[in-house]
Amino acid sequence: DSWEIMGKLLVQTSLTSGLEMVYNEILSFDGCEIYFYEADWNKIAFGDLPMRFKDGIPLGIYNENDGMTLRPGKEYILKQEDQILILAEDDSTIKFQPSSIHQITEIKLVNSKLEQKQKNILILGWHNLAEIFINESEDYLLEGSTFDIHIKEPSDEIKSRINELKELYKGFVITLTDSDSLDLESLKAASPFNYDNVVILSQDSSEQRADKIDSDTLIILLLLRKIKSELPLADTKIITQVLNSENQEIITQTDVDDFIISNKLITMILAQLSEQPLIMKFYEDIFSEDGSEIYVKSIALYSDTFPIKTTFGDLIGLADQRNEICLGIRKGRESKNAKANFGVTLNLDKNEALVLNKDDFLVVLSEDEL
């Protein structure tokens, strides 16, 4: 269900920035992709696999009898019939090496955890995606989290649906306000920068034209930027949906933190399925409420000494200490730079020297966002 995938991604993005760029690379045919690969494993442990590939990061195992398991654990011994799921540049470059290509230098793990807390979320506009977003949030957000929905002249149908959501999710505080987000004074009155997240959706639920919806989104982003200019300490995260991928560059010129190009993302998933139907099992797993998911986590959760001079192979070892699989990095200073893929680089050379600062991130496959 494409909308469930979008809702899940919207929730995950509200927790950690940068996921759209990670999925854009994994799903496109330009960057790294997920492949199934088999070899003579010779009873190797899963934890030893990463350093046996010059190109590739093993994510899990699959066989017809047991199905798919992501992050099976470093002690898992591969069976001869196992295939691995591996993130790699190309299937032609995946080769299981007879010996390790990198000796890990252990980095001392601080192992901080994010403090789970109630979130206050402002939703500007309405879309079916909002319902799925609230539904999926039940698995991630604490009771008492708020969803304030602002729509200009909401229809009776929308009012009725939001009342139903209030009954369904009594652990959340859900409110509806008649407000025009395209009007500067109305938007100011909503105090958007008092919220943890602002989510911008379609301003007219009956509007079908993607460019009209995106142009409304751009206007709101510009108004938010004007309001924010008077509040230099505001750290609210702004997330929006972009329907036409050609508008991406314009949208990124504003202060938006994350955007989800829904049509493009679903098209890329379908394209991958046409080439490799088995990959659907991977997406079913990472977009389900249980199991492993991809997160972009602050490096400050792993270390308290900066800058860190290290290698990508050592970062894989660092994440492994938290039972996570490191897929790549995100450089904080490049987070607004479209030409640098917004700071995201996946599947680096394991011997590549890196310098990470406190505002940088690890892209990891993990059980949760904490």
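Keep in mind that what you see is a predicted model, and the values were worked out from it rather than measured.

A.B. asks: Got a minute to help me understand the overall build of the chain in this structure?
C.D. replies: Within the chain, the secondary structure is distributed over ten helices and 16 strands. The C-alpha radius of gyration computed for the chain amounts to 21 Å, which stays within 12% of the reference 21 Å derived for 370 residues, consistent with globular compactness. With the principal axes as the frame, the chain shows a C-alpha extent of 65 × 45 × 40 Å. Counting the 370 residues in the chain, one finds 55% classified as buried. Contacts in the chain between residues at least 24 apart in sequence constitute 78% of all its contacts with a sequence separation of at least 6. Counting every atom, the chain has about 16,900 Å² of accessible surface; 45% of that belongs to carbon and sulfur.

A.B. asks: Is there a simple way to explain the pairing of strand β1 (residues 33-37) in this structure?
C.D. replies: Extensive coverage of β1 is indicated by the burial of five of its five residues. With burial as the criterion, each face of β1 is covered, one bearing E33, Y35 and Y37 and the other bearing I34 and F36. Pairing geometry for β1 and strand β4 (residues 83-88), over five bridges, is antiparallel. Bridge assignment links Y35 to a residue of β4, and that residue is I86.

A.B. asks: Explain the environment of K188 to me, please; I cannot follow it from the model alone.
C.D. replies: Along the chain, the position of K188 falls in helix α5 (residues 184-189). In contact with K188, not counting residues within four places along its chain, are I227 and E230.

A.B. asks: How should I be thinking about the nonpolar core in this particular structure?
C.D. replies: W41, F282, I294 and L315 are the most contacted members of the largest nonpolar core, which totals 97 residues. If near-sequence neighbours (up to four positions away) are discounted, F282 is found in contact with I34, L59, M68, L70 and L85. The next biggest cluster of nonpolar side chains, apart from the first, holds 15 residues, and it includes A190, V198, I200 and L224.

A.B. asks: Help me out: how do you make sense of a negative patch on the surface in this one?
C.D. replies: Together, E138, D139, E143 and D290 make up a negatively charged patch on the protein surface. Here E138 lies in the loop between α3 (128-137) and β6 (146-151). What makes E138 partly exposed here is its relative accessible area of 46%.

A.B. asks: Help me understand helix α6 (residues 210-228) in this model?
C.D. replies: Working note: α-helix, 3.6 residues per turn, so residues spaced by three or four point in the same direction. For α6, spanning 19 residues, the distance from its first C-alpha to its last is 27 Å, which sits close to the expected 27 Å at 1.5 Å a residue. By the burial criterion, the buried members of α6 are I213, D214, D216, T217, I220, L221, L223, L224 and I227.

A.B. asks: What's the story with the pairing of β6 in this structure? I'm lost.
C.D. replies: It is a general feature of regular strands that their side chains alternate between the two faces of the sheet. Summarising burial for β6: six of the six residues are buried, a large majority. Residue alternation in β6 divides its side chains into two sets, T146, D148 and H150 and F147, I149 and I151, and both sets are buried. In the sheet, strand β5 (residues 120-124) pairs with β6 via five bridges, with the strands oriented parallel. Residue pairing across strands places I123 opposite I149, the latter belonging to β6. In this region the chain leaves β5, passes through α3 and returns to the parallel neighbour β6; the handedness of that crossover is right-handed. Relative to strand β7 (residues 173-178), β6 runs parallel, the two sharing six bridges. Of the residues in β7, the one forming a bridge with T146 is V173. Once the chain exits β6 it traverses helix α4 (residues 156-168) before rejoining the sheet at β7, and the crossover so formed is right-handed.

A.B. asks: Please explain the packing of aromatic side chains as it appears in this structure.
C.D. replies: How two aromatic rings sit relative to each other is set out by the distance from centre to centre and by the angle between their planes. Applying the stated criterion to the full structure yields eight aromatic pairs. Both rings, one in F36 and one in Y62, keep their centres 5.9 Å apart while their planes meet at 75°; by these two values the pair is edge-to-face. Note that F36 is positioned in strand β1 and Y62 in strand β2 (residues 57-63), a separation of 26 residues in sequence. For the pair formed by F36 and Y62, the shared burial category is buried. On the numbers, 6.1 Å between centres and 65° between planes, the contact of Y37 with W41 is edge-to-face. Overall, Y37 belongs to the buried group, its relative accessible area being 17%. Grouping aromatic residues by their ring pairs yields a cluster made of Y37, W41, F53 and F96.

Parameters at a glance
Residues numbered from 1 in each chain as written. Predicted model: local features only at pLDDT ≥ 70, side-chain atom pairs only at ≥ 80, totals over all residues. Heavy atoms only, no water. Helix = DSSP H or I, 4+ residues; strand = E, 2+ residues; numbered from the N terminus. Rg over C-alpha atoms; globule rule 2.2 N^0.38 Å. Buried < 20%, exposed > 50% of the residue type's maximum accessible area, 1.4 Å probe, protein only. Contact = heavy atoms within 4.5 Å. Areas by Shrake-Rupley, 256 points an atom, 1.4 Å probe, with all protein chains shown as cover. Pairing = 2+ DSSP bridges. Core = buried A, V, L, I, M, F, W, Y, C linked by side-chain atoms within 4.5 Å. Patch = residues over 30% accessible without salt bridge, like charges linked within 9 Å, V, L, I, M, F, W, Y side chains within 5 Å. Salt bridge = Lys/Arg side-chain N within 4 Å of Asp/Glu carboxyl O. Lys, Arg positive; Asp, Glu negative; His and termini not counted. Charge placed at Lys NZ, Arg CZ, Asp CG, Glu CD. Expected span 1.5 Å × (residues − 1). Right-handed = clockwise from strand over helix to strand, strands pointing away. Phe/Tyr/Trp six-rings, centres within 6.5 Å; stacked < 30°, edge-to-face > 60°.

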